[in-house]
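# Observations on chain architecture
Residue-level listing of the chains:
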Amino acid sequence: MSGNRCWGSPFTDADITAAQENGRLLTMELELSRICNLRCIYCYAESGTQLDNELSYDEIIDALDQGIALGARKIIVLGGGEPMAYPRIMDVLRAIHERGVEIELFTNGTLLTEEIIAEFIKLKVNPVIKFNSLRPEVQDHLAGKPGSHATIKHGLDMLRAAGYPSDELSLGAQTVICQPNYEELPAMWRWLRSQEIIPYFETITEQGRAKDHETLAVSPSQLQNLFSELSRIDREEFGIEWEPKPPVAAFTCRRHLFSCTVTSLGDIVPCPGVDISAGNIRETSLKEILAESDVFKNLRNIRNTIKGECKECELSSECYGCRGMAYHLTGDYLASDPLCWRNETTTDHDTAPTRT
């Protein structure tokens, strides 16, 4: 923690508390479409082809405006599938920029061009590349498509050649922690830090295609060892201090206090992991959904509603584990995180947790 600002977050504790107490937003995540050119074997959304009845462009812009009216300062474009495969992606990014809010874009990088990246810079887009391995065979396996490593690396190289990251614009790499890449992750972390690329190393929730690939899962003890090693590397080699805790290395997830996700079908869910629909933006305003939904009320009051060891944990004032992991493994989004190594009652630390 640095001052009153949580490491990894642009928002102060006061910002978050005000949003939490007043039903406001600081960020909003947008899924545009489930269309995707890869078939990642861990994909939470089982993306690939466009769904029937996805939001129109005008409906996406309406959702954007409703989120900004509720205070959202950053729009996180998830795509749902691959956002760059959405036909009107640049129109969406232009609309967000015109409204004066920050843009973070999660993309696999395979569809980027020099022209697109040049406009990214004008629109102040902060890209995060889905980058899971330095080894081609591992990256291709996880992406579900031969040649993916080469095209992802090409996209990353183009971004770096264009000037990312800079003092004004960040560049990140989203990496899922799994058995195929587990041993290389410390070296990968070092490389990303040395390039000033923000590493987002996170656990996989058991949903979507990940349910059919259970051998991807890591155990709590493996996660503890990895996070401890990454924390040591940051402390000793980069002068960055953070307390190891799931689900994202070097970050504290508090998104449920101030964010929401709009799916490509218009459902409002707390996050991609806690994919419980609180209502549909086509039928009810975003403000009303957030104000009246039990799931949002419970998560915004998580310090009081959370159960089990997470409630009593010494880090409970700043951490509540992964709600998506809790939901998909126990059926209860308020249960203690089954993948956290501090959770002695619900995990076997030497084996990956399984659904109950």
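Cut-off values and rules
Residues numbered from 1 in each chain as written. Predicted model: local features only at pLDDT ≥ 70, side-chain atom pairs only at ≥ 80, totals over all residues. Heavy atoms only, no water. Helix = DSSP H or I, 4+ residues; strand = E, 2+ residues; numbered from the N terminus. Rg over C-alpha atoms; globule rule 2.2 N^0.38 Å. Buried < 20%, exposed > 50% of the residue type's maximum accessible area, 1.4 Å probe, protein only. Contact = heavy atoms within 4.5 Å. Areas by Shrake-Rupley, 256 points an atom, 1.4 Å probe, with all protein chains shown as cover. Lys, Arg positive; Asp, Glu negative; His and termini not counted. Charge placed at Lys NZ, Arg CZ, Asp CG, Glu CD. Pairing = 2+ DSSP bridges. Right-handed = clockwise from strand over helix to strand, strands pointing away. Phe/Tyr/Trp six-rings, centres within 6.5 Å; stacked < 30°, edge-to-face > 60°. Lys NZ or Arg CZ within 6 Å of the ring centre and 35° of its normal.

## Details of the overall build of the protein
The number of helices and strands found in the protein is 13 helices and 8 strands. Relative to the globule expectation of 21 Å for 356 residues, the C-alpha radius of gyration of the protein, 19 Å, shows essentially globular dimensions. Based on the C-alpha atoms only, the size of the protein along its principal axes is roughly 50 × 45 × 40 Å. Each of the 356 residues in the protein was classed as buried or not, and the buried ones make up 57%. Look at the contacts in the protein between residues 6 or more apart in sequence, and 70% of them connect residues 24 or more apart. When the accessible surface of the protein is split by element, carbon and sulfur atoms take 48% of a total near 14,800 Å². A gap of 2 Å separates the mean positions of the 35 positive and 53 negative side-chain charges of the protein.

## Section: the pairing of strand β4 (residues 125-130)
For β4, a buried count of 5 out of 6 residues is recorded, marking the element as mostly surrounded by other parts of the structure. Where strand β3 (residues 102-107) lies against β4, 5 bridges are found, and the strand directions are parallel. Bridge assignment links F106 to a residue of β4, and that residue is V128. Handedness of the crossover joining β3 and β4 through helix α4 (residues 114-123) is recorded here as right-handed. Of the strand pairs in this sheet, β4 and strand β5 (residues 172-176) are connected by 3 bridges, and their pairing is parallel.

## Side note on the packing of aromatic side chains
To describe a pair of aromatic rings, one takes the distance between the centres and the angle between the planes. All chains considered together, the criterion is met by 8 aromatic pairs. Ring geometry for W189 against W242: centres 6.2 Å apart, planes inclined by 40 degrees, an arrangement best described as tilted. You can see W189 sitting in helix α7 (residues 185-194) and its partner W242 sitting in the loop between α8 (220-238) and β7 (261-262), a full 53 residues away along the chain. Residue W189 shares its accessibility class with W242, and that shared class is buried. When the centroid spacing of 5.8 Å and the interplanar angle of 70 degrees are considered together, the rings of F227 and W341 count as edge-to-face. Taken together, the residues span a long stretch of sequence, with F227 in helix α8 and W341 in the segment after α13 (323-330) at a distance of 114 residues. An identical accessibility class is assigned to F227 and W341; each is buried. Feature note: the residues W189, F201, F227, W242 and W341 constitute an aromatic cluster, connected by ring pairs. Lying across the ring of Y57, R88 places its NZ or CZ 3.7 Å from the centre.

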